[in-house]
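Single-letter residue listing:
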Amino acid sequence: METQLRSDRDTGTLQLDSFARTQEKNNLMQNFSLLYRNNQLVSILNHWEKNTAVLSSIKKTGLEPGFYEGLTVHQAELHLNESIYGRERYSQDQLMVLKQNGSYSAFRQPSNRQEALALADYNRRVEQQRTQLLQRVAQNDHIQISDYRVIPLNELTDKTLTKVFPFSEAKAERIAGQLWEGLYKNFVRGIQLTQEQGVQAIGSTLPLLLIAPDHMLIVIRAQSGQMVLLRQNFS
């Protein structure tokens, strides 16, 4: 399972590649990816196929300076007799794109002082944005932030699954699966602010997960600036 970001200076595009392979053919495979630039959603990839063991997906967007993050959930579904077996795996990639004197450059890890300063400045700005976001949530929704562990969605990976959700592996996988299912419904169909009002997901911030022992709050700011607060109970 792999997600890879690539910049093409000649065509002025940023490409997200998502690849999944299983040992046996599945009834259904899906790659669902969220692409963020500077902590804001710029593109969604949703690709599925039936009766396959390999799924390769590509999404392209215009290349601009900024910090890109591609997050993917890879899903496989196998039907045996009357039972359905599903499995999810996660992958991600990050790429910092700079533009100087009309020319683009890209890196994953800084190799010089200029790149290190650019990455440090981005991290500082994102941390400030997240602090302000949590302050608004605490104020508007009367939530005690100190009662929660705050984890950005990009820190949820295969390796950190049971650290983010400190339960058994089976329960942690179930919670993560329900989280991504909720994001899929909200992002592909648009973010529902109220029963009557919805907004597009493009432009929204990377979700922050506020994790308590028995539930989780998902905090997102829409492009319009409106706050979105979703709740998921742990069962």
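See the structure shown above.
Quick look at the sheet that holds strand β12 (residues 227-233) now. The four strands lie next to each other as β7-β10-β11-β12, forming an open sheet whose pairing is antiparallel. Each end of this open sheet is capped by a strand with a single partner; those strands are β7 (149-152) and β12. Averaged over all pairs of adjacent strands, the angle between their axes in this sheet comes to 25 degrees, without regard to strand direction. Relative to strand β11 (residues 215-221), strand β10 (residues 208-211) runs antiparallel, the two sharing four bridges. Following the sheet pairing, Ile 211 is matched in β11 by Met 216. Sheet strands touched by helix α1 (residues 113-141): β7, β10, β11 and β12. Its angle to β12, the strand with the most contacts, is close to 75 degrees. Lying over the sheet, helix α3 (residues 169-188) contacts β10, β11 and β12, oriented at roughly 145 degrees with respect to β12.

Before going further, it helps to spend a moment on the environment of Leu 193. Relative to the helices and strands, Leu 193 resides in the loop between β8 (191-192) and β9 (198-199). Placed 168 residues apart in sequence, Leu 193 and Lys 25 show a C-alpha to C-alpha distance of 39 Å. In contact with Leu 193, not counting residues within four places along its chain, are Gly 198, Val 199, Gln 226, Met 227 and Val 228.

Right, let's get into the pattern of salt bridges. Scanning all chains against the criterion turns up eight salt bridges. Between Arg 89 and Glu 173 there is a salt bridge, with its nearest N and O atoms 4.0 Å apart. Of this pair, Arg 89 sits in strand β5 (residues 83-100) while Glu 173 is found in helix α3, placing the two residues 84 residues apart along the sequence. Given a relative accessible area of 25%, Glu 173 falls into the partly exposed group. As a salt-bridge pair, Asp 121 and Arg 124 come within 2.4 Å of each other at their nearest N and O atoms. With Asp 121 and Arg 124 both in helix α1, this residue pair falls three residues apart, about one helical turn. Classification of Asp 121 as partly exposed rests on a relative accessible area of 31%. Look at Arg 124 and you get partly exposed, because its relative accessible area is 42%. One continuous salt-bridge network, built from bridges that share partners, spans Arg 87, Arg 89 and Glu 173.

Calculation rules
- Residues numbered from 1 in each chain as written.
- Predicted model: local features only at pLDDT ≥ 70, side-chain atom pairs only at ≥ 80, totals over all residues.
- Heavy atoms only, no water.
- Pairing = 2+ DSSP bridges.
- Helix = DSSP H or I, 4+ residues; strand = E, 2+ residues; numbered from the N terminus.
- Axes fitted to C-alpha atoms, helices over the stretch in contact; angles between N-to-C directions.
- Contact = heavy atoms within 4.5 Å.
- Salt bridge = Lys/Arg side-chain N within 4 Å of Asp/Glu carboxyl O.
- Buried < 20%, exposed > 50% of the residue type's maximum accessible area, 1.4 Å probe, protein only.

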